[in-house]
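Summary of structural features
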Amino acid sequence: MATVFLILGILGHPQEGTFTAAVPPIYVSIVSHNEEPSPNGYPDFTVDTAAFWRHRTAVLAFAEMLHQEGVKYNYQSDWNFLLAATLFDTGTTSTNGKNFLKYLEEDLGFEVDPHAHETQYNYADVAYLMHQLLGHEPSHTVGGYLACPPENSQIEYFRDTLYGWHYPYAWKAEILWGGSFPGHVGDDSLWTSGIWKPKDNAHYLVHDEYAPLPEVGGYARTWQGLWDLLEKQENGELVPGRMYTATLFLEQSMMLDSAFIDTFRNRIRALSAYTDSGRIVWVTLQEAVQIWQTQYDSRPNLYSYLYGDITEPIRDTFWFPMNDGVHLDVTLFRPVDAPPPGGFPAIVFVHGLGGSKYQMEPRARYYAEKGYVTLAYSVRGQGNSEGLSTLFGWREQADLESLITWLAARPDVNDTLIGVAGASQGGFHSWLAAVRQMGVRAVAPENSTPQISLALVRNGCYRRAVTVGIHSSPAVRFDTVAYPIKQLLLADDYDSIRALIADGRDFDSTDIAASDAHFAIQGAWQDHLFWTNLLPSAFRNTPRRSVLYLGTNGHGSPSSPMEQVYRNALQEAFFAATLQGDSSALDTFPKVTVSLGPFWQHRAYDTWPPPQLSWMPLYFHPSGWMYVVPWVYPDTVAHLSNQRVDPSYTWEAAVLDEFRHVPDAFLMTRRTWRTEPLQDTVIVCGAPIAQVYAKSTAERFQINLQLYDEPPSGPPVFLTQVSLGVRENPDTTAWLLLEGEFNAIAWIIPPGHRIRVDWVAINLTPSDTFLWTLPYWADGIHSFGQDSRWPSRVLLPVLTLLPQVEERGLPRQGSARVRVLPNPAHGSVKFQILGDYGQEVLLTLFDPTGRKLREWRIQPGHTKPLIVTWDGRDNDYHPVPSGVYLLRLTQPKGNPHAERFIYLR
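Residues numbered from 1 in each chain as written. Predicted model: local features only at pLDDT ≥ 70, side-chain atom pairs only at ≥ 80, totals over all residues. Heavy atoms only, no water.

1. Structural notes on the pairing of strand E21 (residues 344-350)
The following threshold applies: Here's how the labels work: a residue is buried when its accessible area is under 20% of the maximum for its type, exposed when over 50%, partly exposed in between, all with a 1.4 Å probe on protein chains only. Secondary structure elements follow DSSP: runs of H or I of four or more residues count as helices, runs of E of two or more count as strands, with numbering from the N terminus. Whether two strands pair depends on DSSP finding at least two bridges between them.
Counting buried positions along E21 yields seven of seven residues, so the element is predominantly enclosed. Side chains of E21 alternate between two faces, with Phe344, Ala346, Val348 and Val350 and Pro345, Ile347 and Phe349 buried alike. Across six bridges, E21 lies against strand E23 (residues 413-423) in parallel orientation. Of the residues in E23, the one forming a bridge with Ile347 is Gly419. As paired elements, E21 and strand E22 (residues 373-377) share five bridges and run parallel to each other. Looking across to E22, one finds that Phe349 is bridged to Ala376.

2. Digging into the pattern of salt bridges
Test applied: Basic side-chain nitrogens of Lys or Arg form a salt bridge, by our definition, when they fall within 4 Å of a carboxyl oxygen of Asp or Glu.
A full pass over the atoms with the stated rule returns 34 salt bridges. Residues Asp89 and Arg56 are paired through a salt bridge, measuring 2.8 Å at the closest nitrogen-oxygen approach. A residue pair is termed long-range when its members are at least 10 positions apart, and Asp89 in the loop between helix H2 (79-88) and helix H3 (100-106) and Arg56 in helix H1 (residues 49-69) qualify at 33 residues. A single burial state applies to Asp89 and to Arg56, both of which are buried. Between Arg363 and Glu446 there is a salt bridge, and its shortest N-O distance comes to 3.4 Å.

3. Some thoughts on H2
Side chains three or four residues apart in an α-helix point the same way, a direct result of the helix having 3.6 residues per turn. Where we set the bar: Only heavy atoms enter the contact rule, under which two residues are in contact if any of them lie within 4.5 Å.
Burial of H2 is extensive: seven of the 10 residues sit out of reach of the surface. Of all the positions in H2, only Trp79, Asn80, Phe81, Leu82, Leu83, Ala84 and Ala85 are classed as buried. Considering only its buried residues, H2 is in contact with H1, strand E4 (74-77), H3 and helix H4 (123-134).

4. Quick word on the sheet that holds strand E45 (residues 829-834)
The line we're drawing: For helices, the axis comes from a line fit to the C-alpha atoms of the stretch in contact; other axes are also lines fit to C-alpha atoms, and the angle between any two N-to-C directions lies between 0 and 180 degrees.
Read from one edge to the other, the open sheet built from three strands follows the order E44-E45-E48, with strand pairing classed as antiparallel. Here the strands that pair on one side only, and so sit at the sheet edges, are strand E44 (817-821) and strand E48 (866-870). The sheet shows a mean angle of 25° between the axes of neighbouring strands, direction not considered.

5. Some points on the nonpolar core
As a rule of thumb, nonpolar side chains are buried together in soluble globular proteins. The criterion, for reference: For our purposes a nonpolar core is just a set of buried Ala, Val, Leu, Ile, Met, Phe, Trp, Tyr and Cys residues, chained together by side-chain atoms within 4.5 Å.
Ranked by internal contacts, the top residues of the largest apolar core, which has 121 residues, are Tyr377, Phe659 and Leu705. Top contributing element to this core by residue count: helix H11 (residues 425-435), with six residues. Dropping the residues within four chain positions of it, Tyr377 is found in contact with Leu328, Asp329, Val330, Val348, Phe349, Val350, His351, Lys357, Leu400, Leu403 and His429. If you look at the next biggest cluster of nonpolar residues, it comprises 77 residues, including Val59, Leu82, Phe100 and Leu104.

6. Let's talk about the packing of aromatic side chains
Put simply, the rule reads: Each Phe, Tyr or Trp ring (for Trp, its six-membered ring) is paired with any other whose centre lies within 6.5 Å, and the angle between the two planes then decides the class: stacked below 30 degrees, edge-to-face above 60, tilted in between.
This model, assessed by the stated rule, comprises 68 aromatic pairs. Seen in terms of ring centroids, Phe260 and Phe264 are 5.8 Å apart; in terms of plane orientation they differ by 50°. Their pairing is tilted. Here Phe260 pairs with Phe264, and both are found in helix H6 (residues 258-270), just four residues apart, close to one helical turn. Looking at Phe260, the relative accessible area reads 22%, which means it is partly exposed. Judged by its relative accessible area of 3%, Phe264 is buried. For the pair Phe349 and Tyr367, a centre-to-centre distance of 5.4 Å together with 45° between the ring planes defines the contact as tilted.

7. So, the sheet that holds strand E19 (residues 314-321)
Taken together, 10 strands build an open sheet; the order of strands is E19-E20-E22-E21-E23-E24-E27-E28-E29-E30 and the sheet is mixed. Looking at strand neighbours, the two that pair on one side only are E19 and strand E30 (601-605), the edges of this open sheet. When the angles between neighbouring strand axes are averaged without regard to direction, this sheet yields 15°. Its contacts with the sheet put helix H17 (residues 561-579) on E21, E23, strand E24 (442-446), strand E27 (518-524), strand E28 (547-551), strand E29 (592-596) and E30, and the angle it makes with E24 is roughly 165°.

8. Quick look at the packing of H1 against H2
The description of two helices packed together rests on the angle between their axes and the distance between the axes. Using the following cut-off: Here the word oblique covers every angle except those under 35 degrees (roughly parallel), over 145 (roughly antiparallel) and from 65 to 115 (roughly perpendicular). Classification convention: Asp, Glu, Lys, Arg as charged; Ala, Val, Leu, Ile, Met, Phe, Trp, Tyr, Cys, Pro as nonpolar; all other residues, Gly among them, as polar.
Contact geometry of H1 with H2 gives a least axis separation of 11 Å together with a crossing angle of 100°. When the interaxial angle is binned, H1 and H2 end up roughly perpendicular. Where H1 approaches H2, its residues Thr49, Phe52, Trp53, His55 and Arg56 are matched on the opposing element by Phe81, Ala84, Ala85 and Phe88. Residues that form the contact of H1 with H2 fall into these classes: six nonpolar, two polar and one charged.

Here it is in structure tokens:
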């Protein structure tokens, strides 16, 4: 269909077409104003009677033309013209003996609204004059007002009853129209189609469900604005099920020109194809609000002239009562559109320990924009919620189940399509929602694991996470009666702490297999709190389609914005597939994504561990080196002292101090072993295993091992660690075989680097500011076997070398490199080549499976930097789906360079 257009006042006629119910109509109102007397504007009608009668005749001519054309009209007047009418207009034959205002309303069926600049008369005064002419109250529609800037805004002013300055009359607004800037400078930023309730003086374009007054948006309030909206309607840019409005605004003085009235009539008639098909519906402002309330369930819509759709989800905040009388602080977001058959899918978002719902509201709002009902709440004892925290105990689990049950009972929610998401504490709640059978279909636990007891106590040692239970902070108000971890730690009652944590909290792979939910499991290799090693087995036991990500962005692990983008995209695709039935995006992601440090390169697998995984043994030699074969001679032992230098720093003092001063109170002794410089790339991927022989003169002891990537120059890079504890050592002469897993890691160690293992008395790395493991308060000399009798070793899980497509080389000095702009990308993508490319450069684009999609051969001599634009299509010009893509740059001289990026269709 041809676009309707207007050039130099000539109206282009719309073509006939077939319009379907899926095309949202545009509700159009016609509004006119007159103003107060001014030197270069309107006369004083109370003095210039001829001007009054001339304007009266013009208004009636214009109104009768509208009536004849079957359209609607809101006549809005300031005080002066109305005051003149009370003095001179007692009715004429042409108005059936009625004054002009009464005739407009009673005989022509139009609405009449007060309009006031409130320099001399306020809105209540104008309403009083209308009352005098009509014989009853006029409308309660505000005919224009200041909406911006906030210091001038009248939004909240109109919520109160207004009392006349000149007349003893009260008037209260019910509908807003015509929000503007002073002098109408900058009004285009306020031009909006739709109806909503402005939140307050500072938030004109933000809907608030609890605000009292709806605003009827006028869009650009011109014919050209209407054509613009009609064009968007034809192009499918308007969302079905939403209410769109527009106003044709004119000044009363324009009606004095009969040619203007004729032109206006012709423009109305030119829209007959639209009105006949229902694409345009002529309404008064009150009718628009009634339609909004009855046919659109008062759902807001804000379509900006400058910015397009700016509608935000509907936000409700309330206190949710639990069955023990505690109230939780809850925010609910609802899509603005009508629910689909069966209701919207829904997601509950849970924050991390010590946070609040406000950390999750941005995600909840984002998903509501995507068509989910979402709920974010502050867990009891945190944020503004009442009650006390029991650290994921039965009480918090009951709270979560109550919220899910309430959400499922909502008429706009599909009770079979509910998900839970969150990280850390929120991640554990996500697990619990699935394994405790809370009626959820999909969960996305991040940075949390099954068997939380192993995050606090493991291998005979207290983990750093155990201090969370004794942390004194106003951010978490603990229930110390229900959770006496501090008292048990003071008593060094290891077994009771493990049993207490496990009770009602722990679950394992059996529980996961018994769930009927889908899982999007995401964890970080260097997570300081949860034990990531448990995630692969958890993933293998998920009963339905699930995904696993192992990489970074966990508790204390390296931060990567790109990885966070990937994680967010994976989670969004997961919920779209499991809750909305759209698998197109998730199909582009692998079942298992493994992100390799230090540049966080992705490897895709169907399961974990991958079949090409093998084990590399590294034996400790007394020379300080590590080799794949053990030392052949006996009786070569390494020693390390565990000793406090501050005897006053007792165990009790450390518990009360939350172990902050351990590094100052102990000798920080360390022994180091290294490999020879690597000849080939080694990819460590999985959980290394420590198998060491040790003994100690102390009645209890622990062995702490730390694994590093040591470059030829510069500091070593910490990879992972393990602590192996012996809580009872009755025979201080006996060698003990201690075995356990390091925290899982995936890391590329290039040629020339060394693999390094440190044995430390206190498990604190040079790059960390907090302990991985709480030390034993038992002084003694520990011995470490490194000979043929007691061959201690570390087993490294290693992968074969990366295929060339996935290598990201470190560019040599002066060689070219490539950058993707923007990243994530949508639509057209720019590849920027930087550095020295006075030589041929080859750009190759690969999809997530390694298939080559496109190739660009760049000859030297181009202006620098060079930009190559990709249109999102492959070699066959087929659009590629959303997913992660890799762009590789190769050149005759210099290393290859690659960039991974996310493409969203």
